2 protein chains.
Amino acid sequence: MSRPKILVTNDDGIYASGIKALWEAMSEIGDVTVVAPNREQSAVGHAITVSDPLRVEEVIRANGFHGYAVNGTPADCVKIAIQALLEDKPDLVVSGINHGSNTGNNIIYSGTVSAATEGTMLDIPSIAVSLNSFEDSDFTGAQSVAKAVVLKVFENGLSKKTLLNVNVPSIPENEIKGYKITQQGNAVFKDRFEKREDPRGNTYYWMTGKMIDPDLEIDNDQKAVSDGFVSITPIHYRLTNHDFLDELNSWDFS
Amino acid sequence: MSRPKILVTNDDGIYASGIKALWEAMSEIGDVTVVAPNREQSAVGHAITVSDPLRVEEVIRANGFHGYAVNGTPADCVKIAIQALLEDKPDLVVSGINHGSNTGNNIIYSGTVSAATEGTMLDIPSIAVSLNSFEDSDFTGAQSVAKAVVLKVFENGLSKKTLLNVNVPSIPENEIKGYKITQQGNAVFKDRFEKREDPRGNTYYWMTGKMIDPDLEIDNDQKAVSDGFVSITPIHYRLTNHDFLDELNSWDFS
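Below, the structure is looked at part by part. (Residues numbered from 1 in each chain as written. Chains lettered and ligands numbered in written order. Predicted model: local features only at pLDDT ≥ 70, side-chain atom pairs only at ≥ 80, totals over all residues.)

This part covers the interface of chain A and chain B. Counting residues at the interface gives 59 residues for chain A and 59 residues for chain B. Looking at the side of chain A that touches chain B, the elements that each hand over two or more residues are helix H2 (74–85), helix H3 (111–121), helix H4 (140–156), strand E8 (179–181), strand E9 (188–197), strand E10 (203–212), strand E11 (230–235) and helix H6 (245–250) of chain A. Its residues assigned to classes, the side of chain A that touches chain B comprises 32 nonpolar, 19 polar and eight charged. (Contact = placed C-beta atoms within 7 Å. Helix = DSSP H or I, 4+ residues; strand = E, 2+ residues; numbered from the N terminus. Nonpolar A, V, L, I, M, F, W, Y, C, P; charged D, E, K, R; others polar.)

Here it is, written out as structure tokens:
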């Protein structure tokens, strides 16, 4: 095939290190357009902007990085890129490289994953790539992984309405143990709220917490990454709990 | 059992008509606490607020309505209510009554559904209730439905990690044809972006669009509501596409 068209976005914003690393990696494979939030949009989940207008600004960074910054969410970026900015529909949407893993229950909060979800909803094969570190880390390993996964997707195609959620361990590239196809686990943030008083005597709260993973013994996404493997989970948004339909049908509402 | 403790929230904000109608209906069943966004938060999906502090303000409206307004998302409201504001864990979280249905693929954008999701993630039975009308409608039918569903949930319990997504047709109560247990359908907003110029000559975009439902012949959520039935869909967040695991395992990453 001719050089594929790749749309790159993220949720850490267009000035993050991770998106620049992803742009660099994808540019070796195809013609890349970057459309990303103009500021950090972590934990926005699948938010879209319906009550405010969206604006788009060109951004140029060092080493030839060029993209479009949008005053919206990751899902907004994918929508406006495909439906207003790009001349042709892209062949692939890649979101990341996120600073921090997106695994378990936490993926429902993830802007990175939601950008890839938006791509699949628009019938474009989509991938989310995250690095298991909140530091401004070495993205070399994650770049190689992103390239390998993207080439496999171009080779094999993706199941309709299904994205790949890729998580990369934050270790030197030659220490990565391999790839594991995983299931979404139960990793979750155990939140608490820290109550404080501002200088005028008014109360406010900070949400804080730490990640817990109740079933690290099962072969799931966060477990794979913690063990030094790249985790690839196929994600879709068919949310009906079919196992519960029969019982609900037995409830008598008459 | 003694009077149950019910947490009421929404995404249209604490000043909406729908949440007042829900508060009224739930007060007939249990002791209600309202914790809701201080302004409209539609389409925020499962966003949470991690980079800003949250503030909580008491709100009193006519007829004894009393609640707490939070400068955050619906998911924030459920988290802070359960983890900081309420003395005891509630027996139930009810979100709504939303102005507009939440069906098909669109539920991933829904703040109403995400509040119920947050409840289930905190292991509390949770229900989302939406009325199929964007007008400031008559909520009488939806109030009766909410009461009926809540009483059934207290009678039968809910499957762990599963919420009920309830959609009510916007027709007079005595014309509602009954209840249907449904599956999440494919209803989706077909977006487009309207490009405009502001008074200073700068470009901006409005997202707009209309709902389409590619499979109205199948027995799904939006179909039931359009046909005059109450739709009840059991929703969970196990997002792994198991059907695709085998194929992915056959990809050779070595």
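It is worth spelling out the sheet that holds E8(A) at this point. All names here are of chain A. In space, the nine strands of this open sheet follow the order E3-E4-E2-E1-E5-E6-E7-E11-E8, with mixed pairing throughout. Bordering the open sheet on either side are strand E3 (56–60) and E8, each of which pairs with just one other strand. Taking each pair of neighbouring strands and ignoring which way they run, the sheet shows an average axis angle of 25°. The pairing of E3 with strand E4 (residues 66–70) spans five bridges and is antiparallel. Bridge pairing in E4 links Ile60 to His66. (Pairing = 2+ DSSP bridges. Axes fitted to C-alpha atoms, helices over the stretch in contact; angles between N-to-C directions.)

What follows deals with H3(A). Residue and element names in this part refer to chain A. In terms of burial, H3 is largely enclosed, as 11 of its 11 residues are buried. Those residues of H3 lying buried are Gly111, Thr112, Val113, Ser114, Ala115, Ala116, Thr117, Glu118, Gly119, Thr120 and Met121. Asp123 sits one or two residues past H3 and shows a positive phi near 65°. (Buried ≥ 20, exposed ≤ 12 C-beta atoms within 10 Å, placed from the backbone.)

Time to look at the environment of Asp191(B). In this structure, Asp191(B) sits in strand E9 (residues 188–197). According to the C-beta neighbour criterion, Asp191(B) is partly exposed, with 18 such atoms within 10 Å. Between the alpha carbons of Asp191(B) and Trp23(B) there is a distance of 34 Å; along the sequence they are 168 residues apart. In contact with Asp191(B), not counting residues within four places along its chain, are Lys79(A), Gln83(A), Met207(B) and Gly209(B).

Rotating chain A by 180° about the axis while translating it 0.0 Å along that axis superimposes it on chain B, leaving an RMSD of 0.0 Å. Expressed as a symmetry operation, the mapping of one chain copy onto the other fits a two-fold axis. Of all interface residues in chain A, 100% are interface residues in chain B too; the two copies therefore contact each other through one and the same surface. (Least-squares fit on C-alpha atoms with pLDDT ≥ 70 in both.)

What follows covers the sheet that holds strand E2 (residues 31–37) of chain B. Residues and elements named next belong to chain B. Across the sheet, which stays open at both edges, the nine strands sit in the order E3-E4-E2-E1-E5-E6-E7-E11-E8 with mixed pairing between neighbours. The open sheet has two free edges, formed respectively by strand E3 (56–60) and strand E8 (179–181), since each of these has just one partner strand. Ignoring strand direction, the axes of neighbouring strands in this sheet form an average angle of 25°. Inspection of the sheet shows strand E7 (residues 163–168) paired to strand E11 (residues 230–235) by five bridges, in the antiparallel sense. Directly across from Asn167, in E11, lies its bridge partner Ser231. Those strands touched by helix H2 (residues 74–85) are strand E1 (5–9), E2, E3, strand E4 (66–70) and strand E5 (92–99), and its axis lies near 130° from that of E2.

Looking now at the packing of H2(A) against H3(A). Residues and elements named next belong to chain A. Close contact between H2 and H3 brings their axes to 7 Å; oriented N to C, the two are set at 30°. Of the possible angle classes, the one that applies to H2 and H3 is roughly parallel. When you trace H2 past H3, the crossing you get is right-handed. Across the interface between the two elements, Pro74, Ala75, Cys77, Val78 and Lys79 from H2 touch Gly111, Thr112, Ser114, Ala115, Glu118 and Gly119 from H3. (Parallel < 35°, antiparallel > 145°, perpendicular 65-115°, else oblique. Left-handed = near helix turned anticlockwise from the far one by under 90°.)

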